[in-house]
Amino acid sequence: MDAACQTADRSTDSVRLVAVTKYADWEWVQALSAHHQVFGENRPQQLSERQPLLPDMNWHLIGQLQRNKAKLAVRHASMIHSVDSLRLLERVADVAALEGPPTNVLLQVNVSGEESKSGFTPEELQTLFSQMTARQSVSIRGLMTMAPATDDESLIRSSFAGLRQLRDDLSNSHGHALPELSMGMSGDFEIAIEEGATLVRIGSRLFQGLNRQQA
Ligand SMILES: *Cc1c(COP(=O)(O)O)cnc(C)c1O
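Per chain, residues are indexed from 1 in the order of the written sequence. Restriction of local features to residues with pLDDT of at least 70 applies here, the model being predicted, together with a cutoff of 80 or more for giving and counting side-chain atom pairs; totals for whole chains, interfaces and linings are based on all residues. Values shown for side chains rest on all heavy atoms present in the structure; no hydrogens or waters enter the calculation.

The numbering of helices and of strands both runs from the N terminus, where a helix is a DSSP run of H or I of at least 4 residues and a strand a run of E of at least 2. Helix and strand counts for the protein chain come out as nine helices and eight strands. We take the radius of gyration over the C-alpha atoms and set the globule estimate at 2.2 Å times the residue count to the 0.38 power. Its C-alpha radius of gyration of 17 Å places the protein chain within 12% of the 17 Å reference for a compact globule of 215 residues. With respect to the principal axes defined by its C-alpha atoms, the protein chain has extents near 50 × 40 × 30 Å. Taking all 215 residues of the protein chain together, the buried fraction comes to 47%. When accessible area is computed with a 1.4 Å probe and restricted to protein chains, residues below 20% of their type maximum are described as buried, those above 50% as exposed, and intermediate ones as partly exposed.

The relative placement of two aromatic rings is captured by the distance of their centres and the angle of their planes. Any two rings among Phe, Tyr and Trp, with Trp reduced to its six-membered ring, count as a pair given centres within 6.5 Å; such a pair is stacked if its planes are under 30 degrees apart, edge-to-face if over 60, and tilted if neither. This structure, assessed with the given rule, holds one aromatic pair. For the ring pair F39 and W59, a centre distance of 5.0 Å and an interplane angle of 65° mean the geometry is edge-to-face. Highlighted residues: F39 in strand β2 (residues 38-41) and W59 in strand β3 (residues 58-61), separated in sequence by 20 residues. Each member of the pair, F39 as well as W59, carries the same accessibility label: buried.

The next subject is the pattern of salt bridges. Salt bridges, as used here, are contacts in which a Lys or Arg side-chain nitrogen is within 4 Å of a carboxyl oxygen on Asp or Glu. Under the counting rule described, the total for this entry stands at eleven salt bridges. Residue R167 pairs with D168 through a salt bridge whose shortest N-O separation is 2.9 Å. Here the residues in one salt-bridge network are E153, R157, R164, E194 and E195, joined through shared partners.

Of all five residues making up strand β4 (residues 79-83), five are buried, and the element is well covered by its neighbours. The pairing of β3 with β4 spans two bridges and is classified as parallel. Residue H60 lies in a different strand from β4, and its bridge partner there is M79. Following the chain from β3 across helix α4 (residues 70-76) to the adjacent parallel β4, one finds a crossover that is right-handed. Pairing between strands requires that DSSP locate at least two bridges from one strand to the other. Here, the term right-handed applies to a crossover whose path from the first strand over the helix to the second runs clockwise when the strands point away from the viewer.

With that out of the way, let us pick up the site of the ligand. Only heavy atoms are used to decide nearness, and a residue is near a molecule or strand if one of them lies within 4 Å of it. What surrounds the ligand is the set V20, K22, N42, I62, M146, M185, S186, R201, I202, G203 and S204. As used in this structure description, the phrase polar contact means that two N or O atoms lie within 3.5 Å; if the pair is within protein, one of them must be able to donate a hydrogen and the other to accept it, and residues adjacent in sequence are counted only when both atoms belong to side chains. Separating an oxygen atom of the ligand from a side-chain N or O atom of K22 is a distance of 2.7 Å. Within the complex, the protein chains bury 86% of what would otherwise be the 390 Å² of accessible surface of the ligand. All amino acids are sorted into three groups, where Ala, Val, Leu, Ile, Met, Phe, Trp, Tyr, Cys and Pro are nonpolar, Asp, Glu, Lys and Arg are charged, and the leftover types, Gly among them, are polar. The residue inventory of the shell around the ligand, partitioned by class, reads five nonpolar, four polar and two charged. Per-residue and other accessible areas were derived by the Shrake-Rupley procedure at a 1.4 Å probe size, with only the shown protein chains allowed to occlude residues.

For any two helices packed against each other, the geometry comes down to the angle between their axes and how far apart the axes lie. The interhelical angle for the contact between helix α5 (residues 86-99) and helix α6 (residues 122-133), taken along N-to-C directions, is 5°, at an axis separation of 11 Å. The orientation of α5 relative to α6 falls into the category roughly parallel. Contacts between α5 and α6 involve L86, L89 and E90 on the former and, on the latter, L128, Q131 and M132. For the contact of α5 with α6, the class distribution of residues is four nonpolar, one polar and one charged. Lines fitted to the C-alpha atoms define the axes, with helices restricted to the stretch that makes contact. Angles between their N-to-C directions range from 0 to 180 degrees. Here roughly perpendicular refers to angles of 65 to 115 degrees, roughly parallel to angles under 35, roughly antiparallel to angles over 145, and oblique to all remaining angles. Only heavy atoms matter for contacts: two residues are in contact if any of them lie within 4.5 Å across the pair.

Attention now moves to the nonpolar core. Definition used in this section: a nonpolar core is a set of buried Ala, Val, Leu, Ile, Met, Phe, Trp, Tyr and Cys residues joined via side-chain atoms within 4.5 Å. In terms of nonpolar packing, the biggest core is built from 56 residues, with I80, V92, L107, L125 and L143 touching the most fellow members. Ranked by residue count, the leading element in this core is α5, at six residues. Filtering out sequence-adjacent residues up to four positions away, I80 remains in contact with L61, L65, A73, V74, V92, T103, N104, V105 and L106. Counting residues in hydrophobic clusters, the runner-up holds eight residues, among them V18, M79, L106 and L199.

A word on a positive patch on the surface. Residues R67, K71, R87 and R91 make up a contiguous surface patch of positive charge. A relative accessible area of 58% places R87 in the exposed class. Surface patches are drawn from residues lacking salt bridges whose relative accessible area is over 30%; two like charges belong together within 9 Å, two nonpolar side chains (Val, Leu, Ile, Met, Phe, Trp, Tyr) within 5 Å. Note that His is not counted, nor are the chain ends; the positive residues are Lys and Arg, and the negative ones are Asp and Glu. The atom standing in for a charge is NZ when the residue is Lys, CZ when it is Arg, CG when it is Asp and CD when it is Glu.

Geometric values such as these leave the question of function open.
Structure below.
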């Protein structure tokens, strides 16, 4: 990450690592908590079991959220990366209004337009944005995307660049700051950092590193 920041002429503290612990045993999670501040889980159930055991960490929900699990997410996540529909946003907002402080969310965007992928299309987001920012119980902090599953680096880069462009457009046209861009995983985080990521979600690569250190 530091090397990618250097290449991109960005300061290293402008990008945060979300250590994705979805496949990690609890012992590994505990070990990682000595080195990382933000954990990412993709299932609300596992998030709700783990967060109370390490309450000083920031726990982010990064995986798909069903509306009937919104309460778990609101209670246990300091940020939800995966708000991918208006109905889900409304549900999170309703729950958050009863639970306390506003919930930080990112809006997930299907930049590359793959049919199999969830997320708002850029056009939908332009249309729905003011309706969503009107909800006081959610704080929309930025956008999230997953790159297309391809080895073609130029396609990956253009989906990250597309997310940043969309963020800039929304932010300018609605006067709403969107500081966070959650993009980049183990295989493509360097490209994401070059294209402006502020949160990279890294799982498998982290554990390869730990295994090597232990060996
Ligand atoms: C699992 C997951 C990641 C991390 O993937 P790795 O390739 O293991 O780094 C990132 N984002 C989401 C949404 C995930 O589900």
